[in-house]
Amino acid sequence: QVQLVESGGGLVQAGGSLRLSCVASGRTFSTYAMGWFRQAPGKEREFVATITWTAGNTYYADSVKGRFTISRDNAKNTMYLQMNSLKPEDTAVYYCAADQTRWRTSTDPDEYDYWGQGTQVTVSS
């Protein structure tokens, strides 16, 4: 089992940047694929980005491709989401999640086994 804690959210103007972090407890972080999802008020949770256990493969939603970068440091049990050129439509609660199928790059939230509590990102226009 793994526990996930996100941080790094906040209020930023359009065009600005933020870096989210997701710290995992336990010794097995390196064996999980990891993902970022987000949920805006009144909307369903949507996929943002995912990374396999060795960081060999990454995959992004079209809406963030070229602006966001997912990465991980297994020695620090930490995953990151660097968000550049932020837009008001990026405003949401951002969640990190862990998938026990470590080689998979899934966009389906139902395939993730563990979730963090979320961190709010607000982008003003």
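Described in the following lines is the structure provided in the data block. (Residues numbered from 1 in each chain as written. Predicted model: local features only at pLDDT ≥ 70, side-chain atom pairs only at ≥ 80, totals over all residues. Heavy atoms only, no water.)

Notes on the nonpolar core
1) Next: Membership of the largest hydrophobic core comes to 35 residues, with the highest contact counts inside it found for L4, M34, W36, M79, L81, M83 and Y94.
2) Next: When residues of this core are traced back to their parent elements, those giving at least two are β3 (18-24), β4 (33-39), β5 (46-51), β7 (68-73), β8 (78-83), β9 (92-99) and β11 (119-124).
3) Next: If sequence neighbours within four positions are ignored, M79 has contacts with L20, S21, C22, F29, M34, G35, W36, I51, I70, S71, R72 and C96. (Core = buried A, V, L, I, M, F, W, Y, C linked by side-chain atoms within 4.5 Å. Buried < 20%, exposed > 50% of the residue type's maximum accessible area, 1.4 Å probe, protein only. Helix = DSSP H or I, 4+ residues; strand = E, 2+ residues; numbered from the N terminus. Contact = heavy atoms within 4.5 Å.)

A look at the sheet that holds strand β1 (residues 4-7)
1) Next: An order of β1-β3-β8-β7 is seen for the four strands of this open sheet, with the pairing classed as antiparallel. Each edge of the sheet is formed by a strand with only one pairing partner; in this case those strands are β1 and β7. Within this sheet the neighbouring strands show an average axis-to-axis angle of 15°, counted without direction.
2) Next: Here β1 pairs with β3 via four bridges, running antiparallel. Within β3, the residue paired with V5 across the bridge is V23. (Pairing = 2+ DSSP bridges. Axes fitted to C-alpha atoms, helices over the stretch in contact; angles between N-to-C directions.)

A few points about the pairing of β7
1) Next: Burial along β7 is one-sided: the face carrying F68, I70 and R72 is buried and the face carrying T69, S71 and D73 is not.
2) Next: In this sheet, β8 lies alongside β7 in antiparallel orientation, the contact comprising six bridges. In the strand pairing of β8, T69 is matched with Q82.
3) Next: The turn joining β7 and β8, which pair antiparallel and follow one another in sequence, is formed by four residues; a positive phi near 55° is taken by N77.

So, the packing of aromatic side chains
1) Next: A full pass over the atoms with the stated rule returns six aromatic pairs.
2) Next: Geometrically, the ring pair formed by F37 and F47 is edge-to-face, given 5.8 Å between the ring centres and 75° between the ring planes. Here F47 lies in strand β5 and F37 lies in strand β4, a separation of 10 residues in the sequence. In this structure, F37 and F47 share a single accessibility class: buried.
3) Next: Ring centres of F37 and W115 lie 5.1 Å apart, and the angle between their planes is 55°; on these two criteria the pair is classed as tilted. Of this pair, F37 sits in strand β4 while W115 sits in strand β10 (residues 114-115), and the two are 78 residues apart along the sequence.
4) Next: Take W115: its relative accessible area is 28%, and that puts it in the partly exposed class.
5) Next: Ring pairing ties together the aromatic residues F37, F47, Y59, Y112 and W115, which thus form one cluster.
6) Next: Positioned over the ring face of W115 is R45, at 4.7 Å from the centre of the ring.
7) Next: If you follow R72 out to its NZ or CZ, it ends over the ring of F29, 4.5 Å from the centre. (Phe/Tyr/Trp six-rings, centres within 6.5 Å; stacked < 30°, edge-to-face > 60°. Lys NZ or Arg CZ within 6 Å of the ring centre and 35° of its normal.)

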